Amino acid sequence: MKDKYTKTRTCVYNINYHIVWCVKYRKGILTDDIAKELKDILQQTAQDKGFIIHECAVGDGNHVHLFVSAPPKLAPSYIVKMLKGISGRKLFMNHPDIATKLYNGTIWNHSFYIETIGSTSEENIRKYINNQ
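Residues numbered from 1 in each chain as written. Predicted model: local features only at pLDDT ≥ 70, side-chain atom pairs only at ≥ 80, totals over all residues. Heavy atoms only, no water.

> I tried to follow the packing of aromatic side chains on my own but got confused; where do I start?
Aromatic ring pairs are defined here through the distance separating the ring centres and the angle between the ring planes. Scanning the model with the defined rule gives 1 aromatic pair in all. Ring centres of W21 and W108 lie 5.6 Å apart, and the angle between their planes is 80°; on these two criteria the pair is classed as edge-to-face. Of this pair, W21 sits in strand β3 (residues 16-22) while W108 sits in the loop between α2 (76-94) and β6 (113-117), and the two are 87 residues apart along the sequence. Judged by relative accessible area, W21 falls into the buried class, the value being 1%. In this structure W108 comes out as buried when scored by relative accessible area, which is 5%. (Phe/Tyr/Trp six-rings, centres within 6.5 Å; stacked < 30°, edge-to-face > 60°. Helix = DSSP H or I, 4+ residues; strand = E, 2+ residues; numbered from the N terminus. Buried < 20%, exposed > 50% of the residue type's maximum accessible area, 1.4 Å probe, protein only.)

What follows is the structure, encoded as structure tokens:
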């Protein structure tokens, strides 16, 4: 369990997120080939921007699930912005036929779902704080 913590010069952290977003209009355009390419793009983006994608899955060809770990200096909204923006641009460049299935030149819905994932429950944290 030691490797669940990441150490930097100034902090030790274990910050994880479950992130989900959808293709615009829930169009099932993420075929197996495009999904594989998308996963590669997302992994490269995470590496370039300084966070880790532990798990990535495409569901029903129209939405993406990620399990991400990130340092505290990266805002969750920044992580999603980079992943959606870069992947959308690259997929449109590599697959111009996608644009014919979507309108306004955007592949992703503007919204997303994000949830923090911790190894300690809220109840345990409350007990710890109250016992100090």
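> What am I meant to see in the nonpolar core here?
Nonpolar side chains tend toward joint burial in soluble globular proteins. Residues L42, F51, I53, V64, L66, I79 and W108 are the most contacted members of the largest nonpolar core, which totals 30 residues. Taken together, the elements giving at least two residues each to this core come down to β3, α1 (32-49), β4 (52-59), β5 (63-69) and α2. Per element, the largest residue contribution to this core is 7 residues, and it comes from α2. Every residue in contact with V64, bar those within four places of it in the chain, is listed here: I19, V20, W21, L30, L38, L42, C56, A57 and W108. (Core = buried A, V, L, I, M, F, W, Y, C linked by side-chain atoms within 4.5 Å. Contact = heavy atoms within 4.5 Å.)

> Can you help me understand the pattern of salt bridges in this one?
A side chain of one charge can pair with a side chain of the opposite charge when the charged atoms of the two come close. For the structure shown, the criterion picks out 2 salt bridges. With a shortest N-O distance of 3.6 Å, K36 and D40 are connected by a salt bridge. Taken as a pair, K36 and D40 lie in helix α1 at a separation of 4 residues, close to a single helical turn. A salt bridge links E123 to K127; the shortest N-O distance between them is 3.2 Å. With E123 and K127 both in helix α3 (residues 122-130), this residue pair falls 4 residues apart, about one helical turn. Accessibility expressed as a relative area gives 45% for K127, which makes it partly exposed. (Salt bridge = Lys/Arg side-chain N within 4 Å of Asp/Glu carboxyl O.)

> Would you mind showing me how to read the environment of S121 here?
As for its placement among the helices and strands, S121 is situated in the loop between β6 and α3. Residue S121 is classed as partly exposed on the basis of its relative accessible area of 35%. As for S121 and I52, which are separated by 69 residues in sequence, their C-alpha atoms are 23 Å apart.

> Explain the pairing of β3 to me, please; I cannot follow it from the model alone.
Along a regular strand, successive side chains alternate from one face of the sheet to the other. Of all the 7 residues making up β3, 6 are buried; the element is thus mostly covered by neighbouring parts of the structure. In this sheet, β5 lies alongside β3 in antiparallel orientation, the contact comprising 7 bridges. Counted as the bridge partner of H18 is F67 from β5. Where β3 lies against β6, 5 bridges are found, and the strand directions are antiparallel. Bridge assignment links H18 to a residue of β6, and that residue is E115. (Pairing = 2+ DSSP bridges.)

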